Amino acid sequence: MSGPAFPSSSAASVSASVTPPPSFSDLRRERPFMQMWVARLFGTAASQMLLVAIGWHMYELTGSAWDLGLVGLYQFVPALLLALLAGHVVDRRHRGRIVAACFAVQGVVALVLLLAVAQRFDTRGLLLGLSLVLGAVRAFQMPAQQALTPLLVPPIMLPRAMAFSSAGMQGAIIGGPALGGLLFVAGMAVVYGASVLCFAIACVLVLRLRYAYTPAAREPVTLATVFAGVNFIWKRKPVLGAVSLDLFAVLLGGAVALLPIYAKDILHSGPWGLGLLRGAPAVGALVMSIALTRRPIERRIGRTLLIAVGVFGLCMVVFGISRSFIVSLIALAVSGGADMVNVVIRQTLVQLETPDAMRGRVSAVNSIFIGASNQLGEFESGATAALLGPVGSVVLGGVGTMMVALGWFKLFPSLAQRDRMVVAMPAQTVKQS
């Protein structure tokens, strides 16, 4: 990038590009960030254990692929309905307290399920009702966590902090399902109990967090303020293409909701195998995140993103037709690595082009796409599996994902042709709302 760097510019990427990145030792000395990192580690592991337990619990109660899909739908609907309002709240309230409250509510959900198993009042309706609660909580948690991180480290440390956070979360996503699958040997109540404990630790750590907080100016909730994040993304076509690609590709290609069926009826691996299958994509994602930390994507990021999504779809096809547990694990791991490329490019584009006052609302819009590609994707998988069987559902979804990646070359040429990640943000395109 040519030209002088102005420290007063709103484009933090300019100064970051000419300043050597800090070391990992420097990052470790940022105690608020490290404390939040540990809290997210416990919270993410607990959340993954809880999701594995609810999926297996529902399938044991009903044996229905449709009901597995409903669990995803019931989590997605409240997250969708509340996301934009949640983004406005995150930009106006104490982000740390919002995150702590979200961990606390999820801990209560796990406690209710623990008592339900112990007292034998666990029902399909209870699981679906608590899925609604989890969806509502995550509408606030995701944008609050994303918008909180930049407040815990100096701007120059933010890229390394985000990479380290991603690696840590992937580790929790690996360990959570695997630990949950192992704990199933001791009983479902043990899994729920472990989730309660981890959520409690995460909540306490966040409540003890200390960082510079400046209360935002109070302003009424209007359509303009609530939809500011939507307008922000809409005006940046490469960003719009990246987040919508994730929505449609993973919506079609996700097979997470059907993993209990594959573990029990197709691969015959049981709860322990379910935990490994659930954690396999995170293993691939962790390996890829380490590789990208050492050799970041610098050129042809648009083409790389679309190719990665196509590889993800191909992996889903291989997983769908596989009858080998090892082949299935490898396919899921490779799909996780491909998806990590998608995540890194998409989140970096959003982070580099968003001012702090807008981060909550923009993160909320991003969370809608993420939630749709995961929870709504689980419903789509369950619904198509009820019609076509689990194998037909996964294979059709994988083919659809590859077609979406090809289609985005035509629909979003500015994304497909984008070369570099860091570009100067036009100073007058950001309207404070």
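What you see is a predicted model, and the numbers here were worked out from it, not measured in a lab.

A.B. asks: Help me understand the confidence of the model for the protein chain in this model?
C.D. replies: Segments scoring low in pLDDT should not have their predicted coordinates read at a detailed level. Here the protein chain averages 78 in pLDDT, and 84% of its residues register 70 or above. Below a pLDDT of 50 lies the segment residues 1–19, which in the model reaches 13 contacts outside its immediate sequence neighbourhood of four places, other chains included. Counting interchain partners and residues more than four positions distant, the pLDDT-below-50 stretch residues 424–433 has 17 contacts.

A.B. asks: When you look at the environment of A249 in this model, what are you seeing that I'm missing?
C.D. replies: Along the chain, the position of A249 falls in helix α11 (residues 237–253). Along the primary structure A249 and M403 are separated by 154 residues, whereas in three dimensions their C-alpha atoms are 8.7 Å apart. Sequence-distant contacts of A249, that is, excluding residues within four places in its chain, are made with V309, T401 and V404.

A.B. asks: What should I look at first to understand the packing of helix α3 (residues 31–62) against helix α6 (residues 124–148) in this one?
C.D. replies: Geometry of a packed helix pair, given as the angle between the helix axes and the separation of the axes. Their axes nearest at 12 Å, the elements α3 and α6 cross at an angle of 160 degrees. Between α3 and α6, the angle falls in the class roughly antiparallel. Classified by chirality, the crossing of α6 by α3 is left-handed. The residues of α6 that touch α3, namely those facing M36, R40, S47, L50, L51, I54, H57, M58, L61 and T62, are R124, L127, L128, S131, L134, R138, Q145 and L148. Residue composition of the contact of α3 with α6, by class: 10 nonpolar, 5 polar and 3 charged.

A.B. asks: Just checking my understanding: could you explain the pattern of salt bridges for this structure?
C.D. replies: Should the charged atoms of two oppositely charged side chains come close, the side chains can pair. This model, assessed by the stated rule, comprises 1 salt bridge. The salt bridge involving R124 is made with D67; its shortest N-O contact spans 2.9 Å. In this pair, R124 is assigned in helix α6 and D67 in helix α4 (residues 65–92), connecting sequence segments 57 residues apart. A relative accessible area of 6% places D67 in the buried class.

A.B. asks: For this particular structure, what's the right way to read the environment of L84?
C.D. replies: Tracing the backbone shows L84 in helix α4. Separated by 276 residues in sequence, L84 and G360 have C-alpha atoms that sit 9.1 Å apart.

A.B. asks: Explain the nonpolar core to me, please; I cannot follow it from the model alone.
C.D. replies: Counting 76 residues, the largest nonpolar core has F33, L50, L113, Y192, L277 and F319 as its most contacted members. The dominant element in this core, judged by the number of residues it contributes, is α3, at 14 residues. With residues up to four places along the chain from it excluded, the contact list for F33 reads L27, T149, L152, V153, A161, F164 and S165. Among the nonpolar cores identified, the runner-up in size contains 37 residues, and F232, V343, V404 and W408 belong to it.

A.B. asks: What is the right way to read a nonpolar patch on the surface from this model?
C.D. replies: On the surface, a nonpolar cluster with roughly 410 Å² of combined accessible area is contributed by I307, V311, I326, I330 and V334. Looking at the nonpolar patch, the elements with two or more residues in it are α14 (301–321) and α15 (325–352). For the nonpolar patch, the element with the most residues is α15, which contributes 3 residues. Looking at V334, the relative accessible area reads 41%, which means it is partly exposed.

A.B. asks: Even after reading the chapter, I still don't get α4, so can you show me in this structure?
C.D. replies: For the α-helix, the turn length of 3.6 residues means that residues three or four positions removed from each other point alike. Between its first and last C-alpha atoms α4 spans 41 Å; for 28 residues at 1.5 Å apiece the expected length is 40 Å, and the two agree. In the structure, α4 departs most strongly from a straight axis at A83, where the bend amounts to approximately 50 degrees. In terms of burial, α4 is a largely internal element, 20 of the 28 residues being buried.

A.B. asks: What's the story with the packing of aromatic side chains in this structure? I'm lost.
C.D. replies: Any pair of aromatic rings gets described here by the distance separating the centres and the angle formed by the planes. Tallied over the full model, the rule gives 2 aromatic pairs. Measuring from centroid to centroid gives 4.6 Å for Y262 and F319, while their planes differ by 35 degrees, and the two rings are tilted. Residue Y262 is found in helix α12 (residues 259–266), and its partner F319 is found in helix α14; the two are separated by 57 residues along the sequence. The buried category is assigned to F319, whose relative accessible area is 0%. With centroids separated by 5.7 Å and ring planes inclined at 35 degrees, the aromatic side chains of W408 and F412 adopt a geometry described as tilted. The two residues W408 and F412 agree in class, both being buried.

A.B. asks: Looking at this structure, I do not really get the packing of α3 against α4. What am I missing?
C.D. replies: One can describe the packing of α3 onto α4 by two numbers: an axis separation of 9 Å at closest approach and a directional angle of 140 degrees. Relative to α4, the element α3 is oriented oblique. In this structure, α3 meets α4 at a crossing whose hand is right-handed. Residue-level contacts link L51, I54, G55, M58, Y59 and T62 of α3 to D67, L68, V71 and Q75 of α4. Split by residue class, the contact of α3 with α4 holds 6 nonpolar, 3 polar and 1 charged.

About the cut-offs
Residues numbered from 1 in each chain as written. Predicted model: local features only at pLDDT ≥ 70, side-chain atom pairs only at ≥ 80, totals over all residues. Heavy atoms only, no water. pLDDT = per-residue confidence, 0-100. Contact = heavy atoms within 4.5 Å. Helix = DSSP H or I, 4+ residues; strand = E, 2+ residues; numbered from the N terminus. Axes fitted to C-alpha atoms, helices over the stretch in contact; angles between N-to-C directions. Parallel < 35°, antiparallel > 145°, perpendicular 65-115°, else oblique. Left-handed = near helix turned anticlockwise from the far one by under 90°. Nonpolar A, V, L, I, M, F, W, Y, C, P; charged D, E, K, R; others polar. Salt bridge = Lys/Arg side-chain N within 4 Å of Asp/Glu carboxyl O. Buried < 20%, exposed > 50% of the residue type's maximum accessible area, 1.4 Å probe, protein only. Core = buried A, V, L, I, M, F, W, Y, C linked by side-chain atoms within 4.5 Å. Patch = residues over 30% accessible without salt bridge, like charges linked within 9 Å, V, L, I, M, F, W, Y side chains within 5 Å. Areas by Shrake-Rupley, 256 points an atom, 1.4 Å probe, with all protein chains shown as cover. Expected span 1.5 Å × (residues − 1). Bend = angle between axes of the 7 residues up to and from the residue. Phe/Tyr/Trp six-rings, centres within 6.5 Å; stacked < 30°, edge-to-face > 60°.

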